[in-house]
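In case you want the letters, here they are:
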There are 2 protein chains.
Amino acid sequence: MGRKRTKSGKIRLAEVAELAGVSPITASRFFRNPEALSVAKRARVESAAKELGYVPNLAARALASQRTEVIGVLIPSLTNNVFSDVLRGIYDASEGSRYSIQLSNTRYSILQEERLLRLFLAQKPAGLIVTGIDQTAESRAMMEAADCPIVQIMELGPSPVDMMIGFSHYDAARAAVAHLFAQGCRRIGFVGARMDPRVQRRLDGYVSAMKDTALYEQRLVVTTATPTSVTLGGALFADLLAREPGIDGVFCANDDLALGVLFECRRREIEVPEQIAIVGFNDLEFMASTVPTLTSVRTNRYEMGRTAATMLVEAIEGRRPEEPVLDLGFKVIERQSSLAQRAESQPMVSELVADRTK
Amino acid sequence: MGRKRTKSGKIRLAEVAELAGVSPITASRFFRNPEALSVAKRARVESAAKELGYVPNLAARALASQRTEVIGVLIPSLTNNVFSDVLRGIYDASEGSRYSIQLSNTRYSILQEERLLRLFLAQKPAGLIVTGIDQTAESRAMMEAADCPIVQIMELGPSPVDMMIGFSHYDAARAAVAHLFAQGCRRIGFVGARMDPRVQRRLDGYVSAMKDTALYEQRLVVTTATPTSVTLGGALFADLLAREPGIDGVFCANDDLALGVLFECRRREIEVPEQIAIVGFNDLEFMASTVPTLTSVRTNRYEMGRTAATMLVEAIEGRRPEEPVLDLGFKVIERQSSLAQRAESQPMVSELVADRTK
DNA sequence: GTATTTGCTGGTAGCGCTGTCAACGTTCCT
DNA sequence: AGGAACGTTGACAGCGCTACCAGCAAATAC
């Protein structure tokens, strides 16, 4: 067949239009807004496109329309389980849409974040998802000047750039400490790693809760800038014990650390929860399967990613949410590791709502 | 200043060229192949670009040059820890290059993979990274027809589409079983979940090793199509015990399952390794911190991702590797959970190389 | 000295698509 | 019946960049 083809042999919109007997612009509309076509032409273009196996050239579309169908995502880490859940939510939500995800890793550096933001914005993304609320002033200015919707995820703050979805790490930490307090713990240690802004706010919540009951002491807190790991949890806990042998509870800034603490207890033959209660943060899957099962603060990470991407797509298409700031809340999931009345007769602690959930 | 600007207010190449006093094409070359310019013009363009804050329009570049600077990555899961390590390697390697990563999730479906492949290829990626060797015939044909380098990762197979980097899951499983055998285990169970092609090949390796010593029995194998989890490991192990109470070793298709098995043993007061030895697969970080520490098969996931991306970039730029198939090998990391001579005096088993590593 | 090569530079012509606006036919209203 | 309003369609003109090829000067070869 003598149809004109692009050099690379690809089918262009013009070919589809020709086969369908319409103008290229009409064919173009079919792919972007089918309702604008009459039923007859719509069917003709559809079958022509299918027959030729037409796939739009996104670069040409982006150039002509001056915008891309890309959602930029800036996260601080690819290693962290927490972000893999969030990402999964984002990818899942994006699949139903026409938008594709462009991911970049800031490595917990706000300068790196600024650099990436500049790069992203230059390509005119359809929307942006950024982590947290601790951007540089320059980043913030760029985001405010950007002409695309932006969602900040993972936590809440006083002045959203645009939309925001997360929960209060501060309140969540306070709830965890309150839970330990209710179980009778008084000398409650804090174990934290990496100390990124969100972990820092968990620490702040811990400190405030401890001060409320006049239990706070600086030496109950053990932190490091080192990235988190199970092994590190054990090591930090060992430090804590060395400093303060009398502790009766530990609040860990995440579940990996909590697991490390649990094993360190086992290694030292410290009974959990009889001698020391343990509470983690995030409620990863394994927390329900350990022996004893581990109490944790459930955060809705998958849902956070999914909702962020969904809100963003809605906003891109002009349907801004009535409420641009969404608090996903948290739950303290009480399990054996922190219950005062642990009993063999009650091996599976049901997942209780210990605090507000929006 | 009266400089002509693009409608959106962005600086174009033409502006940079004008300020530098060169033609646009010369400025263009500066960004793609600076060595082709004389030193004087190079400096002029460079400073002009910096002064104006020029950022290239990638859509225009892609349209004009008929290729993109995108590396497509197809992986089957975002949840799995294994892939997050691989991805981290890929992203790390891509950062030094001009290429950006476009990620898609096949969800362990080769039809979905085929669909995504078609989509990717239509955008003329600079290169492609795909997982495994079990593509549909159609996918395979598309990849062979593609005019970009392709790396298959995660495992090795007889007929690479282009490049390939991984290791033999079959051999790795055989090595794990051989290790258990060497420790005196005879009734060795297999616990597997999801049963994707690679887990299936681990099972094949297990079966073959067991048959070598005439120890194989169908009922020693417990598998499920359900996605893996720690909890599931415990449940599958419970099934295995119910079927075959006399087992003295378990080879788990991954570390999550192994952790679940360990906790299930603890729950049932089965001594590890005295009564049952446990071996996992992948050697995730926590395996070295459990009590007892867990033996596993180390696979070089981060390196795999990193090397795959590096090889790909090299190939894109015309420097094809001398050897297109790379075996990254594996190591059986022997720890307490499987050692016959476990002893309190030897709490930390050093990480021994039990098998070949390339 | 002339011919050839090499290195650098610029002009022209698109890449494939969509924004804009005008034009058409149909329906509905008065 | 005349006109407005609407829905549908197409012509045109780029989007910002690079491939291609030509041109020119300097360097090298004979």
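Residues numbered from 1 in each chain as written. Chains lettered and ligands numbered in written order. Predicted model: local features only at pLDDT ≥ 70, side-chain atom pairs only at ≥ 80, totals over all residues. Heavy atoms only, no water.

Taking an unreviewed UniProt entry as the reference, chain A is identified by name as Transcriptional regulator belonging to Bradyrhizobium neotropicale.

Asker: Explain the overall build of chain A here, please?
Answerer: If you tally the helices and strands in chain A, you get 12 helices and 12 strands. The C-alpha atoms of chain A give 26 Å as radius of gyration, which overshoots the globular expectation for 358 residues (21 Å, by more than 25%). With the C-alpha coordinates of chain A rotated into their principal frame, the extents come out at 85 × 45 × 40 Å. The 358 residues of chain A split such that 55% are buried. By sequence separation, contacts in chain A at least 24 residues apart represent 65% of the contacts at least 6 residues apart. Counting only carbon and sulfur atoms, one obtains 51% of the accessible surface of chain A, whose full area is about 15200 Å². Chain A carries 44 positive and 43 negative side-chain charges, and their two centres are separated by 9 Å. (Helix = DSSP H or I, 4+ residues; strand = E, 2+ residues; numbered from the N terminus. Rg over C-alpha atoms; globule rule 2.2 N^0.38 Å. Buried < 20%, exposed > 50% of the residue type's maximum accessible area, 1.4 Å probe, protein only. Contact = heavy atoms within 4.5 Å. Areas by Shrake-Rupley, 256 points an atom, 1.4 Å probe, with all protein chains shown as cover. Lys, Arg positive; Asp, Glu negative; His and termini not counted. Charge placed at Lys NZ, Arg CZ, Asp CG, Glu CD.)

Asker: Teacher, can you tell me more about the interface of chain A and chain B here?
Answerer: Interface size is commonly expressed as the accessible surface area that is lost when the partners come together. At the interface, 43 residues of chain A touch 43 residues of chain B. Area buried by chain A at its contact with chain B is led by A:Leu78, A:Phe263 and A:Val291, which between them contribute 14% of it. Connecting chain A to chain B are four salt bridges. As a salt-bridge pair, A:Glu95 and B:Arg107 come within 3.3 Å of each other at their nearest N and O atoms. Our enumeration of links across chain A and chain B arrives at 22 residue pairs in polar contact (both at pLDDT 80 or more). (Buried area = accessible area lost by both parts, 1.4 Å probe. Salt bridge = Lys/Arg side-chain N within 4 Å of Asp/Glu carboxyl O. Polar contact = N/O pair within 3.5 Å; in protein donor to acceptor, adjacent residues only side chain to side chain.)

Asker: Got a minute to help me understand unusual backbone geometry in this structure?
Answerer: With omega at 5°, the peptide bond leading from A:Val272 into A:Pro273 counts as cis. Topologically, A:Pro273 is positioned in the loop between α11 (255-267) and β9 (277-279). For the peptide bond that leads from B:Val291 to B:Pro292, omega is -10°, which places it in the cis range. With respect to the helices, strands and loops of the structure, B:Pro292 is situated in the loop between β9 (277-279) and β10 (296-299). Positive phi values are uncommon outside glycine, yet A:Ala214 reaches one of about 55°. Looking at the secondary structure, you find A:Ala214 in the loop between α9 (197-212) and β7 (221-223).

Asker: Please clarify how the pairing of strand β1 (residues 70-75) of chain A should be interpreted in this entry.
Answerer: In the case of a regular strand, side chains alternate between the two sheet surfaces. Residues and elements named next belong to chain A. Burial analysis of β1 places five of its six residues in the buried class, the great majority of the element. As defined by bridge partners, β1 adjoins strand β2 (residues 100-105) across six bridges and the pair is classed as parallel. Across the sheet, the residue bridging to Val-70 is Ser-100, located in β2. Between β1 and its parallel partner β2, the chain crosses via helix α5 (residues 81-95), and the hand of that crossover is right-handed. (Pairing = 2+ DSSP bridges. Right-handed = clockwise from strand over helix to strand, strands pointing away.)

Asker: I tried to follow the confidence of the model for chain A on my own but got confused; where do I start?
Answerer: For any part of a model where pLDDT is low, the fine detail of the predicted coordinates should not be relied upon. Residue and element names in this part refer to chain A. Averaged over all residues, the pLDDT of chain A equals 90, while 92% of them reach at least 70. Predicted confidence for residues 1-8 stays below pLDDT 50, and this span has 15 contacts to residues more than four positions away or in other chains. Across residues 342-358 the pLDDT falls below 50, and counting only partners more than four positions away or on other chains, this stretch makes 33 contacts in the model. (pLDDT = per-residue confidence, 0-100.)

Asker: For this particular structure, what's the right way to read the packing of aromatic side chains?
Answerer: Residue and element names in this part refer to chain A. Overall, the coordinates contain 13 aromatic pairs over all chains when judged by the stated rule. Of the aromatic side chains, those joined through ring pairs into one cluster are Phe-167, Phe-190, Tyr-206, Phe-251 and Phe-281. Lying across the ring of Phe-181, Arg-186 places its NZ or CZ 3.8 Å from the centre. (Phe/Tyr/Trp six-rings, centres within 6.5 Å; stacked < 30°, edge-to-face > 60°. Lys NZ or Arg CZ within 6 Å of the ring centre and 35° of its normal.)

Asker: Looking at this model, I keep getting lost on helix α12 (residues 301-316) of chain A. Mind explaining?
Answerer: Since the α-helix turns once every 3.6 residues, residues separated by three or four places project in the same direction. Look at α12(A): 22 Å from first C-alpha to last across 16 residues, which is about the 22 Å you get at 1.5 Å a residue. For α12(A), every residue scored as buried is listed here: A:Arg301, A:Met304, A:Gly305, A:Thr307, A:Ala308, A:Ala309, A:Met311, A:Leu312, A:Val313 and A:Ala315. (Expected span 1.5 Å × (residues − 1).)

Asker: Teacher, can you tell me more about the domain arrangement of chain A here?
Answerer: Considered domain by domain, chain A is made up of domain 1 (13-56), domain 2 (68-168 + 302-329) and domain 3 (169-298 + 332-338). The straight-line distance from the C-alpha centre of domain 1 of chain A to that of domain 3 of chain A is 60 Å. (Domains from an automatic or database assignment.)

Asker: I keep staring at the relation of the copies chain A and chain B and nothing clicks. Help me out?
Answerer: Superposing the two chain copies requires a rotation about an axis and a translation along that axis. Least-squares fitting of chain A to chain B yields an RMSD of 0.1 Å, with the transformation described by 0.0 Å of translation along the axis and a rotation of 180°. The superposition of one copy onto the other is thereby described by a two-fold rotation axis. Scanning chain A for the C-alpha nearest the rotation axis identifies A:Ala59, at a separation of 2.4 Å. (Least-squares fit on C-alpha atoms with pLDDT ≥ 70 in both.)

Asker: Can you help me understand the UniProt feature "domain: HTH lacI-type" (unreviewed entry) in chain A in this one?
Answerer: Within the UniProt annotation, "domain: HTH lacI-type" (unreviewed entry) is assigned to residues 11-65 of chain A. The span residues 11-65 of chain A shows a helical share of 71% and a strand share of 0%, and its end C-alpha atoms are spaced 20 Å apart. (UniProt positions renumbered as here; feature names shortened; annotations may be inferred.)

Asker: I would appreciate a short explanation of the environment of B:Thr213 in the present structure.
Answerer: Residue and element names in this part refer to chain B. Relative to the assigned elements, Thr-213 resides in the loop between α9 (197-212) and β7 (221-224). Counting along the chain gives 64 residues from Thr-213 to Pro-149, while the straight-line C-alpha distance between them is 43 Å. A polar contact is formed between the side chain of Thr-213 and the backbone oxygen of Ala-209, at a distance of 3.4 Å.

Asker: What am I meant to see in the pattern of salt bridges here?
Answerer: Note on pairing: side chains with opposite charge can pair once their charged atoms come close. Residue and element names in this part refer to chain A. Enumeration over the complete set of coordinates arrives at 52 salt bridges over all chains. Its salt-bridge partner being Asp-162, residue Arg-320 comes within 2.3 Å of it at the nearest N-O pair. Highlighted residues: Arg-320 in the loop between α12 and β11 (325-327) and Asp-162 in the loop between β4 (150-155) and β5 (163-167), separated in sequence by 158 residues. Between Asp-212 and Arg-174 there is a salt bridge, and its shortest N-O distance comes to 2.7 Å. Of this pair, Asp-212 sits in helix α9 while Arg-174 sits in helix α8 (residues 169-182), and the two are 38 residues apart along the sequence. When salt bridges that share partners are traced, they join Asp-134, Glu-155, Asp-196, Arg-198 and Arg-201 into one network.

Asker: How do you make sense of the packing of α5(A) against α12(A) when you look at a structure like this?
Answerer: Axis angle and axis distance: for two packed helices, these are the angle between their axes and the distance between the axes, and together they describe the pair. Residue and element names in this part refer to chain A. One way to put it is that α5 packs onto α12 with a least axis distance of 7 Å and a crossing angle of 35°. Considering the relative orientation of α5 and α12, their crossing is right-handed. Counted together, Val-82, Asp-85, Val-86, Arg-88, Gly-89, Ile-90, Asp-92 and Ala-93 of α5 and Arg-301, Tyr-302, Gly-305, Arg-306, Ala-309 and Thr-310 of α12 form the full contact between these two elements. Considering only residue class, the contact of α5 with α12 consists of six nonpolar, three polar and five charged. (Axes fitted to C-alpha atoms, helices over the stretch in contact; angles between N-to-C directions. Left-handed = near helix turned anticlockwise from the far one by under 90°. Nonpolar A, V, L, I, M, F, W, Y, C, P; charged D, E, K, R; others polar.)

Asker: In this structure, what is going on with the sheet that holds β7(B)? I would like to understand it.
Answerer: Hydrogen bonds along the backbone pair up the strands of a sheet, which may run parallel or antiparallel. Residues and elements named next belong to chain B. One open sheet holds the four strands; their spatial order is β7-β6-β8-β9, and the pairing between them is parallel. Pairing within the sheet leaves two strands with one partner each, and these edge strands are β7 and β9. Averaged over all adjacent pairs, the angle separating strand axes in this sheet is 15°, with direction ignored. Of the pairings in the sheet, the one linking strand β8 (residues 249-252) to β9 comprises three bridges and is parallel in character. What sits directly across from Phe-251, in β9, is Val-279. Each of β6 (188-193), β8 and β9 is contacted by helix α8 (residues 169-182), which is oriented at about 165° to β8, the strand it contacts most. Across the sheet, helix α10 (residues 230-243) touches β6, β7 and β8, and the angle it forms with β7 is around 145°.

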